[in-house]
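Coordinate analysis (summary)
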Amino acid sequence: MANIQPLLSWCQKAGCPCRAEEAMAGYTTFRIGGPAQLLILPKNKEQLAEVIKIAGQHKIPVHFIGNGSNLLAADQGVEGAVICLANPHFGEEPVLLEHNRVFCTAGVKLASLCRFALKHSLTGLEFAYGIPGAVGGAVYMNAGAYGGEIKDVILWAEHLDHNGKAGAFSKEELALSYRRSIYMEKNFCITGAVFALSLGEKEEIRRRMNDYMDRRRTKQPLEYPSAGSTFKRPDGAFASALIDQCGLKGRRVGGACVSPKHAGFIVNDQNATCKDVLHLIAQVQEEVLAKTGFSLECEVKLLK
């Protein structure tokens, strides 16, 4: 394991909230995961930059999380420092800029950003209402649903590099594609983003948001902890349809289960472990490939 003492000492002296050996199960929507060596909840961008800089100097691995969706934390825990931006210290309210643009820090939940847009009669983000993540994670994976994606509305994203130096990527530099961005190749910390929206009719925006949320509640197993959709959509097919076709709804390994409600979700309904989920993912991938010829790529990121 990494020597986290230099980072822990700095956090304690600087008043940067941190917790040693904090269980990751409390910080992921899957409610799974052993202890992070050090969980850090920075109060502001300055503390965040210093944390990244010190971690780099001492070769301490760093992992950035927001709302903890789309993540699976290892049972044995996570080495190094887990930096959580979706915390009450760091998150700030979205800001309305000129020309119907909105700036939002990375730790703000997508649902909050969508409600802010609604308040100002701005359209373009309705598709994101109900996606269980924060803005940073949504940019990182170009989150999308119901025909919309982050790439449709983003102008640029801001970040801190490996040395804690501030920078930004334009929409073009972000290289956004299906569930992908440039940040998957660079372990930079996304700190915020600017979105270009359009004026719309408030009640129509509200209607679309409610419609998308109702569809989620009806079709998705939101009553169980999960990481959202487990697999990416393969070319020419839908992961959930392939899994259902193979008769895998309800398949279980330990406390992990392929949701009987929506085959695209693996849920934690009986105190599942990371090992349970990984074994179930492997079983689904193997059987779908053998029976349909389609290779399913896992969408969930493993923290270890």
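Structure: above.
Now for a quick tour of the structure. Here the structure is a predicted model, which is why all the values come from computation and not from measurement.

**A short note on the pattern of salt bridges**
- Under the counting rule described, the total for this entry stands at 15 salt bridges.
- For the salt bridge of aspartate 214 with arginine 217, the shortest nitrogen-to-oxygen distance reads 3.9 Å. A residue pair is termed a helical-turn pair when its members lie 3 or 4 positions apart in one helix, as aspartate 214 and arginine 217 do in helix α5 (residues 202-219) at three residues.
- A salt bridge links glutamate 287 to arginine 251, with the shortest nitrogen-to-oxygen separation between them at 2.8 Å. Here glutamate 287, found in helix α7 (residues 274-292), pairs with arginine 251, found in the loop between α6 (239-245) and β15 (252-253); they are 36 residues apart in sequence, far enough to count as distant.
- By sharing partners, the salt bridges in this structure join Glu126, Glu204, Arg207 and Arg208 into a single network.

**Quick word on the side chain of lysine 232**
- Note that lysine 232 resides in the loop between α5 and α6.
- For lysine 232, a relative accessible area of 13% translates into the label buried.

**Looking at the sheet that holds strand β12 (residues 166-170)**
- Judged by pairing direction, the sheet is antiparallel, and its five strands sit side by side in the order β6-β7-β13-β11-β12 without closing on themselves. Two strands lie at the open edges of the sheet, namely β6 (95-96) and β12, each paired on one side alone.
- Sheet topology places strand β11 (residues 154-160) next to β12; five bridges connect them, and they run antiparallel. Bridge pairing links tryptophan 156 to serine 170 in β12.
- Along the sheet, helix α2 (residues 45-57) makes contact with β11, β12 and β13 (189-196), crossing β11 at roughly 55°.
- Across the sheet, helix α3 (residues 110-119) lies against β6, β7 (101-105) and β13, angled at about 155° from β7, the strand it touches most.

Calculation notes
Residues numbered from 1 in each chain as written. Predicted model: local features only at pLDDT ≥ 70, side-chain atom pairs only at ≥ 80, totals over all residues. Heavy atoms only, no water. Salt bridge = Lys/Arg side-chain N within 4 Å of Asp/Glu carboxyl O. Helix = DSSP H or I, 4+ residues; strand = E, 2+ residues; numbered from the N terminus. Buried < 20%, exposed > 50% of the residue type's maximum accessible area, 1.4 Å probe, protein only. Pairing = 2+ DSSP bridges. Contact = heavy atoms within 4.5 Å. Axes fitted to C-alpha atoms, helices over the stretch in contact; angles between N-to-C directions.

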